[in-house]
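Listed here are the chains, written in short residue letters.
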Amino acid sequence: VPSPPTPTASPTPLPLSTTVLPPLTSSLMTYNLAELPLPPNSLQRILKSKPSLLSSTFLFLSSCETEPLKPRRTEGSRSVAFRTQCVTSTCASSYTPLAIHSIGGVQAILLVKDAALGNVTSVKVADVACGIGNVVHNKGGIGVWVGV
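None of the values given here were measured: they were computed from a predicted structure.

Calculation criteria
Residues numbered from 1 in each chain as written. Predicted model: local features only at pLDDT ≥ 70, side-chain atom pairs only at ≥ 80, totals over all residues. Heavy atoms only, no water. Helix = DSSP H or I, 4+ residues; strand = E, 2+ residues; numbered from the N terminus. Buried < 20%, exposed > 50% of the residue type's maximum accessible area, 1.4 Å probe, protein only. Areas by Shrake-Rupley, 256 points an atom, 1.4 Å probe, with all protein chains shown as cover. Core = buried A, V, L, I, M, F, W, Y, C linked by side-chain atoms within 4.5 Å. Contact = heavy atoms within 4.5 Å. Expected span 1.5 Å × (residues − 1). Arc of directions from axis to C-beta. Pairing = 2+ DSSP bridges. Axes fitted to C-alpha atoms, helices over the stretch in contact; angles between N-to-C directions. Phe/Tyr/Trp six-rings, centres within 6.5 Å; stacked < 30°, edge-to-face > 60°.

A. Representation of the overall build of the protein chain. The number of helices and strands found in the protein chain is 2 helices and 6 strands. Along its sequence from the N terminus, the protein chain presents helices and strands in the succession β-α-β-α-β-β-β-β. The buried share among the 148 residues of the protein chain stands at 32%. Roughly 9500 Å² of accessible area belongs to the protein chain as shown, and the carbon and sulfur atoms make up 61% of that amount.

B. Spotlight on the nonpolar core. With 15 residues, the main nonpolar core has M29, Y31, L43, L47, L59 and L61 as its most contacted residues. Among residues more than four places away in sequence, those in contact with M29 are L43, I46, L47, L53, F60, L61 and S62. Core analysis: the next-biggest nonpolar cluster, separate from the first, contains 12 residues, V106, A108, L110 and V120 among them.

C. Representation of helix α2 (residues 77-91) within the structure. Taking 1.5 Å of rise per residue, 15 residues should cover 21 Å, and α2 covers 21 Å from first to last C-alpha, within 8% of that figure. Restricting attention to buried positions, one finds in α2 the residues S79, F82, R83, Q85, C86, S89 and T90. Mapping the buried residues of α2 onto a view down its axis gives an arc of 155°, with all of them on the same face. Exposed positions of α2 whose direction lies more than 90 degrees from the buried face are S77 and T88.

D. Looking closely at the sheet that holds strand β3 (residues 95-103). Taken together, 4 strands build an open sheet; the order of strands is β1-β2-β4-β3 and the sheet is mixed. At either end of the open sheet lies a strand with only one pairing partner, and these are β1 (26-32) and β3. The sheet shows a mean angle of 15° between the axes of neighbouring strands, direction not considered. One ladder, built from 8 bridges, connects β3 with strand β4 (residues 106-113); its direction is antiparallel. Bridging from a neighbouring strand, I103 pairs with V106 of β4. Sitting on the sheet, helix α1 (residues 42-49) touches β1 and β2 (58-64), and the angle it makes with β1 is about 140°.

E. Broad picture of the pairing of β4. The buried fraction of β4 amounts to 7 of the 8 residues, a majority that puts the element mostly inside the structure. Taking the residues between adjacent antiparallel strands as the criterion, β3 and β4 are bridged by 2 residues, where G104 takes a positive phi near 60°.

F. Spotlight on the packing of aromatic side chains. In this structure the tally under the stated criterion is 1 aromatic pair. Residues Y31 and F82 carry aromatic rings whose centres are separated by 6.0 Å and whose planes lie at 85° to one another, so their mutual orientation is edge-to-face. Within this pair, whereas Y31 is found in strand β1, its partner F82 is found in helix α2, the two being separated by 51 residues in sequence. Across the pair, exposure class does not vary: Y31 and F82 are buried alike.

G. α1, seen in detail. Those residues of α1 lying buried are S42, L43 and L47. Each buried residue of α1 sits inside an arc of 130° when the element is viewed along its axis, so together they form one side. When the buried face of α1 is taken as reference, the exposed residues oriented beyond 90 degrees from it are K48 and S49. In this structure, the buried side of α1 is in contact with β1, β2 and α2.

Listed below in structure tokens is the structure:
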């Protein structure tokens with residue numbers, strides 16, 4: 001009869017993670033533009049009046065009814081103006097765009113503080129049209145998932 005193996009010291013468990021993340025915070029701001037142009041520098045004025053928005057790790061900016069509902073071959077100028085204001089108003093505050101997505105008149109931009117950018121492992125975007133017949137893009141939703 002063979003003798004049982006002699007017990008040995010159990011291996012030291014490995015730590016689950018060696019990276020300690022600072023607390024992650026997020027802020028959301030959305031506009032219903034009612035098919036009207038975004039007033040110049042309005043986003044910049046709002047961000048200056050609400051400093052807590054610019055202290056968040058993630059900043060999600062969105063708009064709906066950005067463009068009048070009509071068939072288009074190219075993107076409307078109001079959508080471009082909204083995105084331009086979002087990026088230019090936040091880049092000076094050390095934010096980097098992670099996701100920029102549109103579905104008709106619905107716009108979404110997710111930004112992350114530059115200091116936390118290295119912690120982001122993945123970004124996924126999905127959208128769904130909910131307008132007339134669930135086909136027209138006058139209404140809908142955009143989702144953004146971030147892995148850290």
